[in-house]
Amino acid sequence: MIVHRDNIFGLHRGDYSLLLRLNAYGLVELLHFGEAVETADWQAFLCQPGLGWGSSILLDDKDTASCPDSLPLAWSGSGRGDYRESPLELGTATDFRYASHEIIDGIVAMDSPLPQAKGLAKTLKITMTQPGAELNLYFTLFDGVLTRRARLQNTGDAPITVTKFMSSLLDLPGDYEMTTFDGGWIAEARKHRVPVLDSRIVNESTTGASSNRHNPGFLLSEPGATEDAGRVYGFNLIYSGNHYAAAQRSLQGLTRVVQGISPNNFAKILEPGAVFETPEAVMAFSDQGFGGLSEKMHRFVHDHIIPRQFREKERPVLFNSWEGCMFDFDHRRLVNLAKEAKSLGCELFVLDDGWFGQRNDDTAGLGDYNVNPKKLPHGLKGLGDKIRSLGMEFGLWFEPESVNPDSDLYRAHPDWALTDGFQPLLGRHQLLLDLTKPEVRDYIVENVGRTLDSAPISYVKWDMNRHSTALGAKAHDYILGLYEVLRRIFGPRPEILLESCSSGGNRFDLGMLCFGPQIWCSDNTDPMERQTIQGNLSYLYPQSTFGAHVSAAPHAQTLRSTPLCTRANVSFFGCLGYELDLKHLISIEKKEIQGQIELYKQYRKVFQFGTFRRLQGGWQVSDGKITLAATFRGLVPAAPGYGTLRLKGLDRHKRYRFRTNPQKLRIGQFGNLVKHVVPVNLNPNGVLLRTADRHITLPDGIQEMTISGAALLAGIRLLPVFRGTGYDKNQRTLTDFGSELYIIEEDSHEKS
Ligand code: DGJ
């Protein structure tokens, strides 16, 4: 609901409100953003500057309340007395004042190819003007989430140069801590939380993409906020390019937050009549801690960002050829792998890099779309048909934005590569194609489209493996070009499941999610690392957006050996896949994987779309009736204490059947302590133990009970962990990096 009374706008939806006031000077003040309140109570939120502020500038010399530097604003100017961060820079002063407004039922469509949130909404459009320019501010109300964006039109007769244009500006009263998600390749989404003080804190990417260095999503929380309590704001941007966000506290105790395209080297010339619009910024508030905030963001991404046709569609369990084969495969090897994958329960076989041109390693072939006839003598169609005849879907990897200098495409069109006038700089032996050129976009659309139509392909992994050297407006135009290409390829093929990827999670953002519902989180599939990566991404993105695969141990990135069950228990909380050479699996591993996939399929809807909650030392997903909870261990301490599992969101008055998902222990894990298990002394390096390890498993402890929701919410005691006293089937004996999965189902028979 959007209420307009006199000079007050009350924007209300569900449990949040935004109150704006048009002040006497035509500036838009932000009175409140957060808890649901009444429009009529607006005066309670008024910041009254009192006697003015020393050396500050006043808009009206006679009015001490007219100091723009001390007002809580929803937008501001440059060079006109507000010395805090400006949302718009044109090289000259900017001083936009209110002109008109409109309340619109629904969203307002973008002029440019930028993606935006869709669905039931109401929008307030405020138009502000200054001589020669018109500014539109859009405030769109979705369930649980407010989006904001801005649009600038040159209404004068001289060009305007835009050097900075934010999507949103907010002045929030109070002290906050800012949480950002930073990292790099194989180390995505490291969480950092710092207090917002009087110096500016910036969360920005300049690599041409949203980047693995700084995810565009971030949080502001009041000091003391926890997972389950306290006031937390979440922010994100529906954009895949260079982004910028900053927070800074003012002397008056207002924290200014801006979000938008990075102004780094940005300069966009707007000719008379031309329009420039920002990406859509996303913001939400919760007074129920980080968990409450995440729940809102998850629902928003699910309901308003990912393509409608995938919202409730269960994603297939996939097998991906990359980590097992790299570039070394042919039709026969792939078909054998597909047969194995099928026997394990996989539903989709994905052929990754290496199927085209001279791409036998990463130095050549990108840009060429002709299938390598040596590797695939029956073509993609022959391979795809064969895979489908085995009862699986077929998926294919592409990296359409890049070109290797050693490729037919580059030899024919060296000018299609993105250059900056200097000697081209390579990343992973490749250049980016200049997607700002229409002929390049046409080439990609035609070739990817033709390939997709040439074989039964139901899934695409769209990769991009280098940072860009494009700056500012050029980098932005590149992203607009990418969005156009994605729309032209996948618009007419809505049934294709698109998983985007960029050296893992180098482009994990809401922009890409508007085109495909899942993203490859990271090339790091070590489950201990994935607990960090997926766990931290979960602050802002739902688990259905995570491509999460079980891979080999020791792990390629960390050399760490982890139990197979932990690799699966982590990947279950996402879109499950397997990515390893299946030829090397021994029969007990195959059996274990079959069991994993069976279980995942049984509870897939809950794993992928259930309400995700972070627990102390684990995760849970729940659809109300069924809850799946995993607990993860790091290094096992000697003499570990009692373990407690405290679930969330259950009905305290209902009863639930609680059970451990059975897991197996490899006998080899005991080494010379195998005497704990069998009353003989075996050589830990001997053939006997090695052979036994391939064939014999022991059950790990299982806990089963029917119990009230109240007890599960209070926290139940788990089975003891191994304490140096020998194997006991009533304890949890999994060693370092062990984990358990618990299945909790509402008991329909008993009522408390
Ligand atoms: C980087 C991706 O993240 C990997 O999963 C794989 O697809 C390789 N590229 C292939 O080159």
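As a reminder, the structure under discussion sits directly above these lines.
Residues numbered from 1 in each chain as written. Predicted model: local features only at pLDDT ≥ 70, side-chain atom pairs only at ≥ 80, totals over all residues. Heavy atoms only, no water.

Q: For this particular structure, what's the right way to read the packing of aromatic side chains?
A: The relative placement of two aromatic rings is captured by the distance of their centres and the angle of their planes. Within this structure, the stated rule accounts for 33 aromatic pairs. A centroid spacing of 5.2 Å and a plane angle of 90° characterise the contact between Trp322 and Phe327, whose relative ring orientation is edge-to-face. For the pair Trp322 and Phe327, a shared accessibility class is recorded, and that class is buried. Summarising the aromatic geometry, the rings of Trp619 and Phe632 are spaced 5.0 Å apart at their centres and angled 75° between planes, so their arrangement reads as edge-to-face. One end of the pair, Trp619, is in strand β33 (residues 618-622); the other, Phe632, is in strand β34 (residues 626-632), with 13 residues separating them in the sequence. On the basis of relative accessible area, Phe632 is assigned to the buried category, the value being 12%. For Lys375, the ring lying beneath its charged end belongs to Phe329, and the centroid distance is 4.8 Å. Here the guanidinium or amino end of Arg560 rests over the ring plane of Phe737, the centre of that ring lying 5.3 Å away. (Phe/Tyr/Trp six-rings, centres within 6.5 Å; stacked < 30°, edge-to-face > 60°. Buried < 20%, exposed > 50% of the residue type's maximum accessible area, 1.4 Å probe, protein only. Helix = DSSP H or I, 4+ residues; strand = E, 2+ residues; numbered from the N terminus. Lys NZ or Arg CZ within 6 Å of the ring centre and 35° of its normal.)

Q: What's the story with the pairing of strand β16 (residues 232-238) in this structure? I'm lost.
A: A regular strand carries its side chains on alternate faces of the sheet. With seven of seven residues buried, β16 lies mostly within the body of the structure. Residues Val232, Gly234, Asn236 and Ile238 line one face of β16 and the alternating positions Tyr233, Phe235 and Leu237 line the opposite face, and both faces are buried. In the sheet, strand β15 (residues 214-221) pairs with β16 via four bridges, with the strands oriented antiparallel. Opposite Leu219, over in β16, you have Gly234 as the bridge partner. (Pairing = 2+ DSSP bridges.)

Q: Explain the site of the ligand here, please?
A: Looking at the ligand, there are 13 residues lining it, with Asp352, Asp353, Lys461, Asp463 and Asp523 nearest. Within the side chain of Asn465, a nitrogen or oxygen atom sits 3.3 Å from a nitrogen atom of the ligand. Within the side chain of Asp523, one N or O atom sits 2.4 Å away from an oxygen atom of the ligand. For the ligand, whose unbound accessible area comes to 300 Å², protein coverage reaches 98%. (Near = heavy atom within 4 Å. Polar contact = N/O pair within 3.5 Å; in protein donor to acceptor, adjacent residues only side chain to side chain. Areas by Shrake-Rupley, 256 points an atom, 1.4 Å probe, with all protein chains shown as cover.)

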